[in-house]
Amino acid sequence: MLKEVISSLNLKPGDIVLDATIGGGGHAREILKSIIPGGRLIGLDQDPIAARMAEETLKDFKNFKLINDNFRNLDRVLSKENVKSLDAALFDVGVSSFQLDDKSRGFSLKIEAPLDMRMDPGQGLSAYDIVNRYKEKDLADIIDKFADERFSAKIARYIAQARRDKPIETTKELAGIIHKAIGFGYKGGRIDPATRTFQAIRIAVNDELGAMEEGLKKAVSWLNIGGRIAVVSFHSLEDRIAKNLFRGYSELGIVRIITKKPIRPQFEETVKNPRSRSGRLRVAERI
Ligand SMILES: C[S@@+](CC[C@H](N)C(=O)[O-])C[C@H]1O[C@@H](n2cnc3c(N)ncnc32)[C@H](O)[C@@H]1O
């Protein structure tokens, strides 16, 4: 939804913009094209590899600064960068394709890797800790709450049983246990039934919903009147956070909601990039 995101931000030369999720820098590149001359982009990502990749994507530009931090700390980051206010902010939340495809990070159940799933490798808690140390009841709650998985209790029970013999160490071990719990074989082509549980554990590892709520609230407070905030999400709970926050702020007269309904990717985009299928874009303007 690159085109839709960029046009929704109403950018103009000279704007100061926060890209809270720099990733590979694809959105940042288009933002920079729209705000030169004179504009400035601050890019954040909690994954240090993202900043390195984005540097390469943005090598033709000068007026940007990439910072390795969680967007829940954006107050501190923007103050340190002497930013006074923002003309636009973008949150393209969730996991990036390069994180999913990375053979060492454990985000994908299709790639055998240690159970990690940390976007910020400096953080203590990893998927290994949640899977091997959390109480069965807490595991079931995470899988139920973040994945709306009807087999959550059973999956948690199978995990708790399996780890009695030895710790669950890899993505494929965990996927195998989930498949057994759900009780039907995975036939290629369909979405793997373990996907939802993996996503739930990843959301818990990175406290993705807590960080999102905190980051969005802070970003709105930095916007100039007329400044826009765009949120792209891939999970219904994330979309709900943006929706409810914008609705609450609109009732208080703080923002005007630009997208009454979320914008969905065009069919052609979903064919080219099947991962974009569940994407939703919501936009609000500071008033
Ligand atoms: C979908 S990707 C962004 C892709 C990017 N818009 C692009 O054009 O390449 C999401 C990125 O957000 C980062 N991220 C997720 N939660 C974050 C948080 N709380 N703070 C900072 N970065 C975060 C991830 O590490 C990942 O690199």
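Residues numbered from 1 in each chain as written. Predicted model: local features only at pLDDT ≥ 70, side-chain atom pairs only at ≥ 80, totals over all residues.

Visitor: Any chance you could explain the overall build of the protein chain here in plain terms?
Guide: Each helix and strand in the protein chain was counted, giving 13 helices and 7 strands. Here the protein chain has a C-alpha radius of gyration of 20 Å; the compact-globule value for 287 residues is 19 Å, and the two agree. A principal-axis box enclosing the C-alpha atoms of the protein chain has dimensions of 60 × 40 × 40 Å. Within the protein chain, buried positions represent 44% of all 287 residues. Nonlocal contacts in the protein chain, meaning residues at least 24 apart in sequence, comprise 67% of its contacts between residues at least 6 apart. (Helix = DSSP H or I, 4+ residues; strand = E, 2+ residues; numbered from the N terminus. Rg over C-alpha atoms; globule rule 2.2 N^0.38 Å. Buried ≥ 20, exposed ≤ 12 C-beta atoms within 10 Å, placed from the backbone. Contact = placed C-beta atoms within 7 Å.)

Visitor: Hey, could you run me through the domain arrangement of the protein chain in this one?
Guide: Size of an interface: often given as the accessible area lost when the parts come together. Taken as a whole, the protein chain is organised into domain 1 (2–98 + 208–286) and domain 2 (124–205). Using C-alpha coordinates to define each centre, domain 1 is positioned 31 Å away from domain 2. (Domains from an automatic or database assignment.)

Visitor: Even after reading the chapter, I still don't get the site of the ligand, so can you show me in this structure?
Guide: For the ligand, the set of nearby residues contains 20 residues, the closest of which are Thr21, Gly23, Gly26, Asp92 and Ser96. Elements supplying a minimum of two residues to the shell around the ligand: helix 2 (26–35) and strand 2 (40–45). For the shell around the ligand, the class distribution of residues is 6 nonpolar, 10 polar and 4 charged. (Near = placed C-beta within 6 Å. Nonpolar A, V, L, I, M, F, W, Y, C, P; charged D, E, K, R; others polar.)

Visitor: So what exactly am I meant to see when it comes to the pairing of strand 1 (residues 16–19) here?
Guide: Regular strands place side chains that alternate from one sheet face to the opposite one. Side chains of strand 1 alternate between two faces, with Ile16 and Leu18 and Val17 and Asp19 buried alike. Here strand 1 pairs with strand 2 via 4 bridges, running parallel. Of the residues in strand 2, the one forming a bridge with Ile16 is Arg40. Regarding the hand of the β-α-β motif, the stretch spanning strand 1, helix 2 and strand 2 is right-handed. Here 3 bridges tie strand 1 to strand 4 (residues 86–92), and the two strands are oriented parallel to one another. When the bridges of strand 4 are listed, Asp19 appears paired with Leu90. (Pairing = 2+ DSSP bridges. Right-handed = clockwise from strand over helix to strand, strands pointing away.)

Visitor: Can you help me understand the nonpolar core in this one?
Guide: For soluble globular proteins, nonpolar side chains are generally found buried alongside one another. Core analysis: the biggest nonpolar cluster contains 47 residues, and Val17, Ala20, Ala89 and Ala230 have the highest contact counts within it. Grouped together as the second largest cluster of nonpolar side chains are 32 residues, Leu139, Ala140, Ile142 and Ile178 included. (Core = buried A, V, L, I, M, F, W, Y, C linked by C-beta atoms within 7 Å.)

Visitor: Looking at this structure, I do not really get helix 10 (residues 195–205). What am I missing?
Guide: In an α-helix, one turn spans 3.6 residues, which is why side chains three or four residues apart end up on the same side. Across the 11 residues of helix 10, 10 count as buried, placing the element largely inside the fold. Turning to helix 10, its buried residues are Arg196, Thr197, Phe198, Gln199, Ala200, Ile201, Arg202, Ile203, Ala204 and Val205. In the core, the buried residues of helix 10 are packed alongside helix 6 (127–133), helix 7 (136–147), helix 8 (152–165), helix 9 (171–182) and helix 11 (208–222). In the segment just after helix 10, Asp207 is the residue with positive phi, at about 40 degrees.

Visitor: Mind showing me how you'd approach the packing of helix 7 against helix 8 here?
Guide: Close contact between helix 7 and helix 8 brings their axes to 8 Å; oriented N to C, the two are set at 140 degrees. The angle between helix 7 and helix 8 falls in the class oblique. The handedness of the crossing between helix 7 and helix 8 comes out as right-handed. Contacts between helix 7 and helix 8 involve Glu136, Leu139, Ala140, Ile143 and Asp144 from the first element and Ser152, Ala153, Ile155, Ala156, Arg157, Ile159 and Ala160 from the second. Split into classes, the residues belonging to the contact of helix 7 with helix 8 amount to 8 nonpolar, 1 polar and 3 charged. (Axes fitted to C-alpha atoms, helices over the stretch in contact; angles between N-to-C directions. Parallel < 35°, antiparallel > 145°, perpendicular 65-115°, else oblique. Left-handed = near helix turned anticlockwise from the far one by under 90°.)

Visitor: What is the right way to read the environment of Ala127 from this model?
Guide: Tracing the backbone shows Ala127 in helix 6. Here Ala127 falls in the buried class, since 24 other C-beta atoms lie within 10 Å of it. For the pair Ala127 and Pro193, spaced 66 residues apart in sequence, the C-alpha separation works out to 18 Å.

Visitor: Hey, could you run me through the sheet that holds strand 1 in this one?
Guide: Strand pairing in a sheet relies on backbone hydrogen bonds, with the paired strands running either antiparallel or parallel. Taken in spatial order, the 7 strands line up as 3-2-1-4-5-7-6 in an open sheet, and their pairing is mixed. Looking at the sheet topology across the chains shown, the edges are occupied by strand 3 (64–68) and strand 6 (255–257). When strand polarity is set aside, the average angle formed by the axes of neighbouring strands in this sheet is 15 degrees. The sheet contact formed by strand 5 (residues 223–233) and strand 7 (residues 280–286) spans 6 bridges and is antiparallel. Note that in strand 7 the partner of Ala230 across the bridge is Val283. Where helix 11 meets the sheet, it contacts strand 1, strand 4, strand 5, strand 6 and strand 7, and its direction lies at approximately 155 degrees from that of strand 5.

Visitor: Sorry, what's going on with the pairing of strand 2 here?
Guide: Counting buried positions over the 6 residues of strand 2 gives 5, a clear majority of the element. As paired elements, strand 2 and strand 3 share 5 bridges and run parallel to each other. Across the sheet, Gly43 pairs through a bridge with Leu66, a residue of strand 3. Tracing the backbone out of strand 2, into helix 3 (residues 48–57) and back to the parallel element strand 3 gives a crossover that is right-handed.

Visitor: Help me understand unusual backbone geometry in this model?
Guide: Note on backbone geometry: most residues besides glycine have negative phi, and most peptide bonds are trans. For the peptide bond that leads from Ile36 to Pro37, omega is -5 degrees, which places it in the cis range. Note on placement: Pro37 falls in the loop between helix 2 and strand 2. Here the phi dihedral of Asn82 falls at roughly 60 degrees; this positive angle occurs in a residue that is not glycine. Tracing the backbone through its elements, the reader meets Asn82 in the loop between helix 4 (74–80) and strand 4.

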